[in-house]
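Structure assessment
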Amino acid sequence: MLEKGAFMSPFHRPRCLAAAAPAGKAKLTHPGKAILAGGIAGGIEICITFPTEYVKTQLQLDEKASPPKYKGIGDCVKQTVQSHGVKGLYRGLSSLLYGSIPKSAVRFGVFEFLSNHAKDESGRLDSTRGLLCGLGAGVMEAVLVVCPMETVKVKFIHDQTSAKPKYKGFFHGVREIIRERGLRGTYQGLTATVLKQGSNQAIRFFVMTSLKNWYKGDNPNKTINPLVTGMFGAIAGAASVFGNTPLDVIKTRMQGLEAHKYKSTVDCAIKILRHEGPAAFYKGTVPRLGRVCLDVAIVFIIYEEVVKILNTVWKTE
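What this report covers is the structure whose coordinates are included nearby. Bear in mind that the values here come from a model prediction, so they are computed numbers and not experimental data.

**Re the pattern of salt bridges**
- Summed over the entire model, instances satisfying the criterion amount to nine salt bridges.
- We note a salt bridge from Arg 253 to Glu 276, for which the minimum N-O separation is 3.0 Å. Residue Arg 253 is found in helix α8 (residues 226–255), and its partner Glu 276 is found in helix α9 (residues 265–276); the two are separated by 23 residues along the sequence. Here Arg 253 matches Glu 276 in class, with each residue buried.
- Among the ionic pairs, Lys 308 bridges to Glu 305, the shortest N-O distance being 3.2 Å. Placement of both Lys 308 and Glu 305 in helix α10 (residues 285–313) is noted, with a separation of three residues, approximately one turn of the helix.
- A relative accessible area of 28% places Glu 305 in the partly exposed class.
- By sharing partners, the salt bridges in this structure join Lys 166, Glu 180 and Arg 181 into a single network.

**Things to note about the packing of aromatic side chains**
- Applying the stated criterion to the full structure yields seven aromatic pairs.
- Ring centres of Tyr 215 and Phe 232 lie 6.0 Å apart, and the angle between their planes is 75 degrees; on these two criteria the pair is classed as edge-to-face. Residue Tyr 215 is found in helix α7 (residues 190–216), and its partner Phe 232 is found in helix α8; the two are separated by 17 residues along the sequence.
- A relative accessible area of 26% means that Tyr 215 is categorised as partly exposed.
- On the basis of relative accessible area, Phe 232 is assigned to the buried category, the value being 2%.
- Three or more aromatic residues joined by ring pairs make a cluster, and in this case those are Phe 108, Phe 111, Phe 205, Phe 300 and Tyr 303.

Quick notes on the rules
Residues numbered from 1 in each chain as written. Predicted model: local features only at pLDDT ≥ 70, side-chain atom pairs only at ≥ 80, totals over all residues. Heavy atoms only, no water. Salt bridge = Lys/Arg side-chain N within 4 Å of Asp/Glu carboxyl O. Helix = DSSP H or I, 4+ residues; strand = E, 2+ residues; numbered from the N terminus. Buried < 20%, exposed > 50% of the residue type's maximum accessible area, 1.4 Å probe, protein only. Phe/Tyr/Trp six-rings, centres within 6.5 Å; stacked < 30°, edge-to-face > 60°.

In structure tokens form, the structure reads like this:
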């Protein structure tokens, strides 16, 4: 028996250590923890970054045919503050806040669920699988949360530009939209939203996974400083902005109050290209770049830190 044990131990050592030490299973985040940590991170992040989201949406809705109401980012902020005060930059926050919490919860919950099944024995997730897990998470958040909540948010912001705003609040707005257009009215631009969110998270998690694997090297348990996590998150956010801003523009148009002008996602893209030119697909890129980089950095930092706290008080192994 001793000889057998002596022979077997060296052969099985790598796997035994990976399973017994924090190196292996400790790297698997329980989906429940991911949902809770993701929700907390999403709520905090949106309260910080909403003004840039507001400006981005206003510039995208400010079509050339109208003619343009705003000369640029600064002018948009100036006119909004003059007309509605600083709180005007937070018009529509409630709808986005109600959506941001479940959105991040679904995103990280689904990602961790999928990645837990995709990681190797050492707890490492390769970049390609990270991209696929991110894609799955993005599609799920688009269908369950993002599309209906973003539709309400865009209509709220667009409604403010009218002479007589008709939406008095979040729940009133939802009731009015459903009453006028049915439940289907909250799913305008679903195809564009699925494409945008799917590609968004695929790109972000691919970049994050690649950078984290590079940073950790041969030690999958190497601790990453929150500032480094934030830097990686900002890079991932920037990559997603340049990768899918055209889809974001199409999605915003499809969910605005003048969505009836477009027959489909493809029709919307064709009309924008025909009447406004290719540059229109990158309208609002600068404010979106700033918001998304900050957004992704904040979310990943808070998420990782909350998970660390949950690991100490919520034992799932």
